[in-house]
Amino acid sequence: MFPFSNTVFPTISLEKANYNDQESNIYDYIIVGGGTAGCVLANRLSENPGTKVLLLERGDARVNWAAHVPLISTNFMGDKSAAYRWPSTPTENLTNHRQLNLVTGKGLGGGSAINSMQYTRGNPMEYNQWSRNGFKGWSYDEIMPYFLKSESYVGQSKSSHHGSDGEWKVRNMNKYYFPLAQSASDACVSLGIPYVDDLNDPEISSPACGRFDCTIDQNGHRSSTFFAFLPLSVVQERKEHLHICPGAAVIHLDVQQSKEQESLIRGVFFRSDTKPDEKMFYARARKEVILCAGAIGTPHLLLLSGIGPKEQIQRSKGKFQKILPGVGQNLQDHMAIGIMYSVPTAQSLHILQTSKLQSILELLRYVLLGEGLLLAPVTQLCILVESSRIDDTGYIRPHEPNFVEGIPDLEIMPIHFNYSDPPIPISAGAFSLKVGLMRPRSLGSVTLASENPLDRPNCDLGFLTDNRDLVAMRRGIKLAKRIGEKMRELGCNLTDLYMPESESDADLDTFVKKTARTTYHYACTCRMAPENDPRPGVVNDELRVYGVDNLRIADCSIIPDMLSTHLQAPAVMIAEKCADMVTRSSL
């Protein structure tokens, strides 16, 4: 179970990626951002040995032992090389205008290298709505092949809606690592929330609870998109035409004017992320530049390049290239809170923090046997429900005669540690029931913080700018409390630790405003929508940026409206579909 490797991962220097006026030094495609989506695109576009691809990533190629271990690699707060961390702008509707801790992936694999490894695709009705809105090729049946293409389900595949021939390992962990998770599942069933075998089954209805599929391979290693799509064997085989350049901070797109006076992208300017005062470099693209920098990084780069809302470009004293009011707007995230219980330390992940002996034993279990807590995802059980199905007392309403099923807008997850942010002091173990708002109405924004391209942008998460989000959260908290009460009835030793004062609207609202946090699921800042939409779009259904030739976006920024799911599987689907569209357009 030792995922050690003495092999140096093959990358190129910034100097080698630099354009030197030689035709042989021009790339067909330049991918900006080697995160969850970027690694997939680099693999797919370089399948043809006649196609030259450059992948620019600001972080590094983390191939150390810890990056492979599921639980350790999830603890990104302790590893500065794994994630960018910075405060949001003051959040107007939260207590004391709190600033929240923003996190985005840093390094090859991006968020897929540090996240909780949940593999969920979302509700088919959400994608079908994209299709009804006029986005050709984006219905659930049309995107399903892209989910299947990337997936390699470990073990016996549950059904035809799981793939077996892809690069990305997905598995069900088969057992709960803490008994409290099974108790939570039993409590849900008692409360009228049925257990389902497969959360990715397109036929399931809500409410439902089930175990997550996780991106962990058959050897017990994290299956990030870096490890899955850019393994050493692939990169070595393609090293003549696939160049991976880490440590490259792209600071500006090379926007030129065509003969028809249209904007078009010729290449990108970049410099060292660790030595920003060194020389500027330039990479040239023969065909296209594809942005995969994420829902914060992608709009930031567009704004730095003079593409975005007029007032933002004016404020930065930049040169107008294309006025696109939607760039950086419509930011959405799965806002969440956690009610918490005190539990025996051995029933939570805090046992690894408080007992050196237990930590050593778990390390040995993982290394020698491929089992134990280091293999465990931080959460295994997912509870999906529509807030409209929860009554005023927090119980599930029975189906009514004219009931029309909708899309779940709440997710409750049992988490076996202190979920408060910043963490409250605890003296024993903690068990949290996280309540996540999966279909928020509130909108935030990404804007320039300064003219320095290496500064992190201003991010206003916009939480609770729409009061309907508070209404949904009240119901979610009440249901979470009913689950906790039922767990006690089933014999669980739970002591209230962090709760609202009461279940009045005022006390519930106060608790949400005091404790709300980000789940790091940022999306929708470069929406796939008409350019003149009331919430202006940035890309069309082929992911081309409006009014700018040779430029596409393939990451979660293009999602039209926040999906009611964890975003790594949709990000990979978007990359797979983009690669297919790019390849077909070049024929």
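Residues numbered from 1 in each chain as written. Predicted model: local features only at pLDDT ≥ 70, side-chain atom pairs only at ≥ 80, totals over all residues. Heavy atoms only, no water.

### Regarding the overall build of the protein
Helix and strand content of the protein: 15 helices and 25 strands. Computed over its C-alpha atoms, the radius of gyration of the protein comes to 23 Å, within 12% of the 25 Å expected for a compact globule of 587 residues. Taking the principal axes of the C-alpha coordinates as reference, the protein spans close to 75 × 55 × 45 Å. Long-range pairs, those at least 24 residues apart, make up 71% of the contacts in the protein with a sequence separation of at least 6. The distance from the centre of the 59 positive side-chain charges to the centre of the 65 negative ones in the protein is 3 Å. (Helix = DSSP H or I, 4+ residues; strand = E, 2+ residues; numbered from the N terminus. Rg over C-alpha atoms; globule rule 2.2 N^0.38 Å. Contact = heavy atoms within 4.5 Å. Lys, Arg positive; Asp, Glu negative; His and termini not counted. Charge placed at Lys NZ, Arg CZ, Asp CG, Glu CD.)

### Some details on the environment of Y84
By the secondary structure assignment, Y84 is in strand β3 (residues 83-87). The exposure class of Y84 is buried, given its relative accessible area of 12%. Y84 sits 284 residues away from L368 along the chain, and the two C-alpha atoms are 33 Å apart. Y84 has contacts with R58, G59, L102, V103, T104, G105, K106, D273 and R456, leaving out every residue within four places of it along the chain. A distance of 3.4 Å separates polar atoms of two side chains, one belonging to Y84 and the other to R58. (Buried < 20%, exposed > 50% of the residue type's maximum accessible area, 1.4 Å probe, protein only. Polar contact = N/O pair within 3.5 Å; in protein donor to acceptor, adjacent residues only side chain to side chain.)

### Considerations on the state of the cysteines
Within this structure, the stated rule accounts for 0 disulfides. Left without a disulfide partner, C524 is nearest to the cysteine sulfur of C556, which lies 8.7 Å away. Residue classification places C556 among the buried positions, given a relative accessible area of 10%. (Disulfide = S-S within 2.5 Å.)

### Observations regarding the packing of aromatic side chains
Taken as a whole, this structure holds 12 aromatic pairs when the rule is applied. Here Y341 and F431 contribute two aromatic rings whose centre-to-centre distance is 6.4 Å and whose plane-to-plane angle is 35 degrees, an arrangement assigned as tilted. Taken together, the residues span a long stretch of sequence, with Y341 in strand β17 (residues 336-343) and F431 in strand β20 (residues 429-437) at a distance of 90 residues. By relative accessible area, which is 0% here, F431 ends up buried. An aromatic cluster is present here, built from Y127, W130, W138, Y140 and F147 joined pairwise through their rings. The ring of W86 has R456 sitting right over it, with the charged end atom 4.5 Å from the ring centre. (Phe/Tyr/Trp six-rings, centres within 6.5 Å; stacked < 30°, edge-to-face > 60°. Lys NZ or Arg CZ within 6 Å of the ring centre and 35° of its normal.)

### Some points on the sheet that holds strand β7 (residues 168-172)
Through backbone hydrogen bonds, the strands of a sheet pair up, either in parallel or in antiparallel fashion. Sheet architecture is open: 4 strands sit in the order β5-β9-β7-β6, paired in mixed fashion. Here the strands that pair on one side only, and so sit at the sheet edges, are β5 (118-119) and β6 (151-153). In this sheet, strand β9 (residues 213-214) lies alongside β7 in antiparallel orientation, the contact comprising 2 bridges. Pairing of N172 across the sheet is with D213, part of β9. Its contacts with the sheet place helix α5 (residues 140-150) against β5, β6 and β7, and it is angled at close to 60 degrees to β6. (Pairing = 2+ DSSP bridges. Axes fitted to C-alpha atoms, helices over the stretch in contact; angles between N-to-C directions.)

### Digging into the sheet that holds strand β21 (residues 444-447)
The 3 strands lie next to each other as β16-β21-β22, forming an open sheet whose pairing is antiparallel. Strands at the two margins of the open sheet, each flanked by one partner only, are β16 (329-331) and β22 (458-460). For this sheet, the mean inter-axis angle between neighbouring strands, taken without regard to orientation, is 35 degrees. In this sheet, β21 lies alongside β16 in antiparallel orientation, the contact comprising 2 bridges. When the bridges of β21 are listed, Q329 appears paired with S445. Along the sheet, helix α9 (residues 294-304) contacts β21 and β22; its crossing angle with β21, the most-contacted strand, is approximately 50 degrees.

### Remarks on the packing of helix α2 (residues 36-45) against helix α15 (residues 568-585)
Two packed helices can be described by the angle between their axes and the distance between those axes. In the contact formed by α2 and α15, the axes pass within 8 Å of each other and the chain directions differ by 30 degrees. Between α2 and α15, the angle is such that the two are roughly parallel. In the packing of α2 onto α15, the handedness of the crossing is right-handed. Every residue of α15 that contacts α2 at T36, A37, V40, L41, R44 and L45 is listed here: Q568, A571, V572, A575, E576, C578, A579, V582 and T583. The class makeup of the residues in the contact of α2 with α15 is 10 nonpolar, 3 polar and 2 charged. (Parallel < 35°, antiparallel > 145°, perpendicular 65-115°, else oblique. Left-handed = near helix turned anticlockwise from the far one by under 90°. Nonpolar A, V, L, I, M, F, W, Y, C, P; charged D, E, K, R; others polar.)

### Focus: the packing of helix α6 (residues 179-190) against helix α13 (residues 467-489)
Two elements in contact, α6 and α13, have axes separated by 8 Å at closest approach and are oriented at 110 degrees. In terms of their interaxial angle, α6 and α13 are classed as roughly perpendicular. On α13, the residues that touch L180, S183, A184, A187, C188 and S190 of α6 are I483, K486 and M487. Residue composition of the contact of α6 with α13, by class: 6 nonpolar, 2 polar and 1 charged.

### What to know about the pattern of salt bridges
Applying the stated criterion across every chain yields a total of 25 salt bridges. For E288, the salt bridge goes to R552, with nearest N and O atoms at 2.6 Å. Placement of the pair is E288 in strand β13 (residues 281-291) and R552 in strand β25 (residues 551-553), with a sequence separation of 264 residues. The same class applies to E288 as to R552, namely buried. (Salt bridge = Lys/Arg side-chain N within 4 Å of Asp/Glu carboxyl O.)

### Here's the deal with α5
Among the residues of α5, Y140, I143, M144, Y146, F147 and S150 are the ones counted as buried. The arc that holds every buried residue of α5, seen down its axis, measures 165 degrees, which confines them to one face. (Arc of directions from axis to C-beta.)

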